[in-house]
Protein chains: 2
Amino acid sequence: MDTKVRALKSRLLEINDLESANALLGWDQSTYMPPGGAPARARQMATLGKIAHERKTDPELGRLLDDLKAYEQILAYDSDEASLIRVARRDYEREAHVPAAFVEQLHHHGATSYAAWTRARPANDFATMEPLLEQTLVLSRQYASFFPGYEHVADPLIERSDEGMTVTKIKALFSALRQKLVPLVQAICSQPAADDACLHQTYSEEAQAAFGVAAIKRYGYDFERGRQDKTHHPFMTKFSLGDVRITTRFKTNDLGEGLFSTLHEAGHALYEQNIDQNFEGTPLAGGASSGVHESSSRLWENLVGRSLGFWEHAYPKLQAVFPAQLGAVSLDTFYRAINKVQRSLIRTDADEVTYNLHVMMRFDLELDLLEGKLAINDLPEAWRQRFKQDFGITPPDDRDGVLQDVHWYAFLVGGVFQGYTLGNLISAQLFEAALAARPEVPTDIARGQFDTLRLWLSEHVYRHGHKFTTGELLERATGKPLTIEPYLTYLNKKYGTLYALELRVDAE
Amino acid sequence: MDTKVRALKSRLLEINDLESANALLGWDQSTYMPPGGAPARARQMATLGKIAHERKTDPELGRLLDDLKAYEQILAYDSDEASLIRVARRDYEREAHVPAAFVEQLHHHGATSYAAWTRARPANDFATMEPLLEQTLVLSRQYASFFPGYEHVADPLIERSDEGMTVTKIKALFSALRQKLVPLVQAICSQPAADDACLHQTYSEEAQAAFGVAAIKRYGYDFERGRQDKTHHPFMTKFSLGDVRITTRFKTNDLGEGLFSTLHEAGHALYEQNIDQNFEGTPLAGGASSGVHESSSRLWENLVGRSLGFWEHAYPKLQAVFPAQLGAVSLDTFYRAINKVQRSLIRTDADEVTYNLHVMMRFDLELDLLEGKLAINDLPEAWRQRFKQDFGITPPDDRDGVLQDVHWYAFLVGGVFQGYTLGNLISAQLFEAALAARPEVPTDIARGQFDTLRLWLSEHVYRHGHKFTTGELLERATGKPLTIEPYLTYLNKKYGTLYALELRVDAE
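Numbers given for residues are sequential positions, taken from 1 along each chain in its written order. As they are written, the chains are lettered A onward and the ligands numbered 1 onward, keeping that order. For a predicted model such as this one, the threshold for reporting local features is a pLDDT of at least 70, and the threshold for listing and counting side-chain atom pairs is 80 or more; totals across whole chains, interfaces and linings nevertheless cover every residue.

A few words on the overall build of chain A. From N to C terminus, chain A includes 23 helices and three strands. Atoms counted for the radius of gyration: C-alpha only. Globule rule: 2.2 Å times the number of residues to the power 0.38. Relative to a compact globule of 508 residues, whose C-alpha radius of gyration would be 23 Å, chain A shows 23 Å and is just as compact. Taken over 508 residues, chain A has a buried fraction of 44%. In this description, any two residues whose backbone-derived C-beta atoms lie within 7 Å of each other are considered to be in contact. Taking as baseline every contact in chain A between residues at least 6 positions apart, the subset at least 24 positions apart corresponds to 71%. Helical segments are the DSSP runs of H or I of at least four residues, strand segments are the runs of E of at least two, and each set is numbered from the N terminus. Comment: burial labels come from other C-beta atoms within 10 Å of the residue's own C-beta, placed from the backbone, where a count of 20 or more is buried, 12 or fewer is exposed, and between is partly exposed.

Bringing the interface of chain B and chain A into the picture now. Quite often, the size of an interface is put as the accessible area lost when its parts meet. If you look at the interface, chain B gives 30 residues, while chain A gives 30 residues. Of all elements in the fold, only helix H1 (2-31), helix H2 (38-56) and strand E2 (236-240) of chain B reach the threshold of two or more residues within the side of chain B that touches chain A. Any residue outside Ala, Val, Leu, Ile, Met, Phe, Trp, Tyr, Cys, Pro, Asp, Glu, Lys and Arg is labelled polar, Gly included; the first ten of those are nonpolar and the last four are charged. Along the lines of polarity and charge, the residues of the side of chain B that touches chain A split into 13 nonpolar, eight polar and nine charged.

What follows deals with the relation of the copies chain B and chain A. Alignment of the copies relies on least squares applied to C-alpha atoms, considering only residues that score at least 70 for pLDDT in both. Structural alignment of chain B on chain A gives an RMSD of 0.0 Å, achieved by rotating through 180° and translating 0.0 Å along the axis. The relationship between the two copies is best expressed as a two-fold rotation axis. Within chain B, the C-alpha atom positioned nearest to the axis of rotation is that of alanine 21 of chain B, 3.5 Å from it. In this assembly the copies share their binding face: 100% of the residues contributing to the interface of chain B also contribute to that of chain A.

Another point: the nonpolar core. Grouped together as the largest cluster of nonpolar side chains are 262 residues, with contacts concentrated most on Ala266 and Leu430 of chain A together with Ala266 and Leu430 of chain B. Looking at which domains feed residues into this core, each of domain 1 (2-97) and domain 2 (198-345 + 421-486) of chain B gives three or more. Filtering out sequence-adjacent residues up to four positions away, alanine 266 of chain B remains in contact with Ile216, Tyr219, Tyr221, Ile246 and Trp300 of chain B. Joining buried Ala, Val, Leu, Ile, Met, Phe, Trp, Tyr and Cys residues through C-beta atoms within 7 Å gives a set, and that set is a nonpolar core. Boundary definitions for the domains trace back to an automatic or database domain assignment.

So, on to helix H23 (residues 485-498) of chain A. Residue and element names in this part refer to chain A. Expected helix span is given by 1.5 Å per residue-to-residue step, counting one fewer step than there are residues. Between its first and last C-alpha, H23 extends 20 Å over 14 residues, near the 20 Å set by a 1.5 Å rise per residue. Within the sequence span of H23, burial applies to Pro486, Tyr487, Leu488, Tyr490, Leu491 and Tyr495. Check the buried side of H23 and you find it contacts helix H9 (167-189), helix H12 (290-304) and helix H19 (418-437).

Residues and elements named next belong to chain A. The element strand E2 (residues 236-240) is largely enclosed, with a buried count of five among its five residues. What makes two strands pair is DSSP finding at least two bridges between them. Here E2 pairs with strand E3 (residues 243-248) via four bridges, running antiparallel. Across the sheet, the residue bridging to methionine 236 is isoleucine 246, located in E3. Between the antiparallel neighbours E2 and E3 lie two residues.

Okay, the environment of tryptophan 383 of chain A next. Residues and elements named next belong to chain A. The residue tryptophan 383 is located in helix H17 (residues 379-391) in this model. Sequence spacing of tryptophan 383 and arginine 362 is 21 residues, and the spatial spacing of their C-alpha atoms is 8.5 Å. Tryptophan 383 has contacts with Leu365, Gly401 and Val402, leaving out every residue within four places of it along the chain.

Further remarks concern helix H12 (residues 290-304) of chain B. An α-helical segment advances 3.6 residues per turn. Residues three or four places apart therefore align on the same side. All names here are of chain B. The end-to-end C-alpha separation of H12 is 20 Å, in line with the 21 Å expected for 15 residues at 1.5 Å each. The angle between axes fitted to the seven residues ending at a residue and the seven residues starting there is what we call the bend at that residue. At arginine 298, H12 is bent by approximately 40°, the largest bend along its length. Within H12, 15 of the 15 residues are buried, which leaves the element mostly enclosed by the surrounding structure.

Let us now look at unusual backbone geometry. Positive phi values are uncommon outside glycine, yet asparagine 124 of chain A reaches one of about 55°. Within the secondary structure layout, asparagine 124 of chain A lies in the loop between helix H6 (100-120) and helix H7 (126-145).

All names here are of chain A. Positionally, tryptophan 117 belongs in helix H6. With 21 C-beta atoms packed within 10 Å, tryptophan 117 lands in the buried category. With 289 residues separating them along the chain, tryptophan 117 and valine 406 place their C-alpha atoms 7.6 Å apart. In contact with tryptophan 117, other than residues within four places in its own chain, are Met129, Val406, Tyr409 and Ala410.

Before going further, it helps to spend a moment on the pairing of E3 of chain A. Residues and elements named next belong to chain A. Most of E3 is tucked away, with six of its six residues classed as buried. Residues Asp243, Arg245 and Thr247 line one face of E3 and the alternating positions Val244, Ile246 and Thr248 line the opposite face, and both faces are buried. Across three bridges, the pairing between strand E1 (residues 228-230) and E3 is parallel. Bridged to aspartate 229 within E3 is threonine 247.

Turning our eyes to something else, we now look at the sheet that holds E3 of chain A. Residue and element names in this part refer to chain A. Ordered in space as E1-E3-E2, the three strands form an open sheet in which the pairing is mixed. Taken across any chain shown, the strands that pair with only one partner, and hence form the sheet edges, are E1 and E2. Taking the axes of each pair of neighbouring strands and ignoring which way they run, one obtains an average angle of 25° across the sheet. In this analysis an axis means a line fitted to C-alpha atoms, helices contributing only their contacting stretch, and an angle means the value between N-to-C directions, from 0 to 180 degrees. Lying on the sheet, helix H11 (residues 255-273) is in contact with E2 and E3; it crosses E3 at an angle near 165°.

Further remarks concern the sheet that holds E2 of chain B. Residues and elements named next belong to chain B. The sheet built from three strands is open, its strands ordered E1-E3-E2 with mixed pairing. Each edge of the sheet is formed by a strand with only one pairing partner; in this case those strands are strand E1 (228-230) and E2. Between one strand axis and the next, the sheet turns through 30° on average, direction left out of account. Packing against the sheet, helix H11 (residues 255-273) makes contact with E2 and strand E3 (243-248), and its axis sits at approximately 165° to E3.

A word on the packing of helix H1 (residues 2-31) of chain A against helix H2 (residues 38-56) of chain A. All names here are of chain A. Close contact between H1 and H2 brings their axes to 9 Å; oriented N to C, the two are set at 165°. As the angle between them shows, H1 and H2 are arranged roughly antiparallel. In the packing of H1 onto H2, the handedness of the crossing is left-handed. Here Arg11, Glu14, Ile15, Leu18, Glu19, Ala21, Asn22, Leu25, Gly26 and Gln29 of H1 lie close against H2, whose contacting residues are Arg41, Gln44, Met45, Leu48, Gly49, Ile51, Ala52, Arg55 and Lys56. For classification purposes, angles smaller than 35 degrees are called roughly parallel, those larger than 145 roughly antiparallel, those between 65 and 115 roughly perpendicular, and all remaining angles oblique. Less than a right angle of anticlockwise turn of the near helix away from the far helix marks a crossing as left-handed, whereas a clockwise turn marks it as right-handed.

Right, let's get into the packing of helix H16 (residues 355-371) of chain A against H19 of chain A. When two helices pack together, their arrangement is given by the angle between the helix axes and by the axis-to-axis distance. All names here are of chain A. The contact between H16 and H19 brings their axes to 8 Å, and the two run at 140°. When you trace H16 past H19, the crossing you get is left-handed. Along its contact with H16, which presents Asn356, Val359, Met360 and Phe363, the element H19 presents Gln418, Tyr420, Thr421 and Asn424. Classifying every residue of the contact of H16 with H19 by side-chain character gives four nonpolar, four polar and no charged.

Okay, the confidence of the model for chain A next. When pLDDT is low, close inspection of the predicted coordinates is not appropriate. In the predicted model, chain A carries a mean pLDDT of 95, and the fraction of residues at 70 or more is 99%. Our summary of model confidence lists the complex with pTM equal to 0.94 and ipTM equal to 0.93. On a scale of 0 to 100, pLDDT captures the predictor's confidence in every residue.

On to the environment of glutamate 224 of chain B, then. Relative to the elements of secondary structure, glutamate 224 of chain B occurs in the loop between helix H10 (205-219) and E1. Residue classification places glutamate 224 of chain B among the exposed positions, given that 12 C-beta atoms sit within 10 Å. Linking glutamate 224 of chain B and glycine 149 of chain B, residues 75 residues apart in sequence, is a C-alpha distance of 47 Å. Filtering out sequence-adjacent residues up to four positions away, glutamate 224 of chain B remains in contact with Pro34, Pro35 and Gly36 of chain A.

This is the structure we're talking about:
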């Protein structure tokens, strides 16, 4: 079996190397590539993607995995080797369902649609995107059709990023969450709005960057095994467990933009940097799911980075960097500013409370599209109506309405947005478990010490990489399946205090 | 035939994409990669190299090229399509001679040896390198053995980078050149040394970088299709004809270091940026040979960048950037400083006159090694003796002696050094032809205008990419085969004037 395991690892390593190289091509495209490099870069990424797909679906790999089935059975489920074989087989089976020609078609269509979207959004031009989005919807349904036997047409799409999740499960979580969120938003929005003028003075980019770097070093982000660069749309990317990079962006008139995007991406990076180093070069060297990954970024951005305790330690430092802007602003005012709740148009700018309503709306609309209940043609109007219903305001145009997010225009309809809200839920459930196990965490955070929290997360989540599904991981780490209660408790406690709500919304 | 040509192009494009991706991995490794990324990066580059080699030697590619032979015959030799088929066949035949196992062994040995060299050189430790260099020599001879029928064991190694060149041809050129260079160096070194103290004041890196960028923009380097970053050992690299990057380094106590390395790499980049855009993604999208490539870098660095005319226009600008350092330094003093001739230890720091003696010495030593006349064990002593003989000084240690250049320690013995001197010769031959065709070039240079020269080079050299061999290209561009006369004429005229030599060394 040793020979077969070695042969498997060698094949997986080659796939990993191709995908890591492709990730570098993508990183460079978003950071340093000169404009003239664009056409060839798209082609090069397609070529590497194609070669990787060939290797991922090589029947020899399938036979090797078949041969290893009996061996896997005698190993402990959570052993590294059994997990490697199990996850590799799952990946192989999923990839093998999808014909190479479809992958190529999807890539070309995605690139065309994305390029059109970068022009159509500023021009507020949904009409141009309509036929492209029609085709994206066709491809999305086609993708699902490669996995016959699904319960809902969106399930295979969701399975890609949040394995084990289904429309049925997500709908149950989302509708329970929604019932509590809507009155909470209403209660908050009937209060006077928080004053966030202090964030919208002039903040030099260099000073913002230096403060952000110092903050994430304290979190434990290791710059010997990573780096930070600037980009338009911040992301985390990984070329190996020894090279996990983040990107950020700054606005000189909005202190929150760069700061929280830095903390968010560092949250993703802390996950990857703390995966068991023995997993390097294998499919275990990654996050469990899009939801769990997002839980780490949201935890470090929000549950830690927007907490009062964090700023008790960090705010005097920030004031020292920006004495003219913040010297006379109290911690309380600053804390309210960075946690201002408001009904706003843009998902990525939304506060913790309203954010999930943005996500749910997209999730519901894409189900309607996939089910054929809603035509692309009617999507902009459906967006406006739903937005009015959920937020009480009507988007003035498609630019900040149906065209605002890149997802539907660059890849597929379905399978992505749910991860953001799942991430919020998971972040609170993990944080609650961490606090139960390590009651000193809040005190540590207020002293600018994050090792206790990071080590708990490493032990119970990060180090396992892709070994377990979201459900398995949550059971192990928190003793419970995914549940909305910790998140609601967190929101109620934090925002109940912040807004002195008379009507406290109960989590139970 | 159309189908076959398309099939050929598609295969070549895939090879090109893999190699371009690998070039980006290398660029990142030398510019931005954090230390933790190193082990995986070496592995990823080996994987991409291996896959590229598989595709380059795929027998299907060979059959396709066979099928296209008859078609190639009816096309004009210098047509794009005939050239593509011809060059692709030559590449294929060369690659197919080399077994994949050898390529892999060479890669691993090279990486091991290079890593050892980075420690051994600062430690002045040749003993550690000795067994590794022994093995490198074995591999170098083995490489040659894949090409039976050679006249000299170094010929196949030279053919890799300077196609059409042989030891016999190079020896003839070098010995004629040497006869004239030695007395020239003697004549100059019997004069009082030039004073270059003005270059060794304190120069801020930012100001140096800004001046360098402005200078190469004037040369015509297109930052929309390239960029400049910092590195330890400057190089030019290309990911597509739309993305040709350069790197540089600065010393705050040596103005020449950053400035001339910038002009040098820009010279390489001007070549690549001006290749016919229709060649993108094919083996024609590259330089004709290592010698011709080096001719472009040396031309823009030396024949232009160290000329009096260039500085007539540029020096007042440089003085304006560094008024404290250069305000009181005359143009004449500065010009003499940047052209100071001296017998020195390090090839890469050598002036235009002594530089080629460094190259010839290495070339002769590697022939002795390959021929078995010299043992690795005796190499350090042979280096010292030859250096004393050629330069009148003995290197104080191996660090600045036999260990100084990376080439023998990272790849193979043989086939690289000759390109530097060939480049010098070709630079002067091309420059002479450009001046004959466009007598206004010197006046233009003195006005800071480089379009005439760059356009002449583009028309006669750059745009052709890899279409022609060095010999073919020189015949077309200058009407002559490669010859030493233009270079000697250039050196004699420039340094005769600079050093007011009584004994003028004749070029004829």
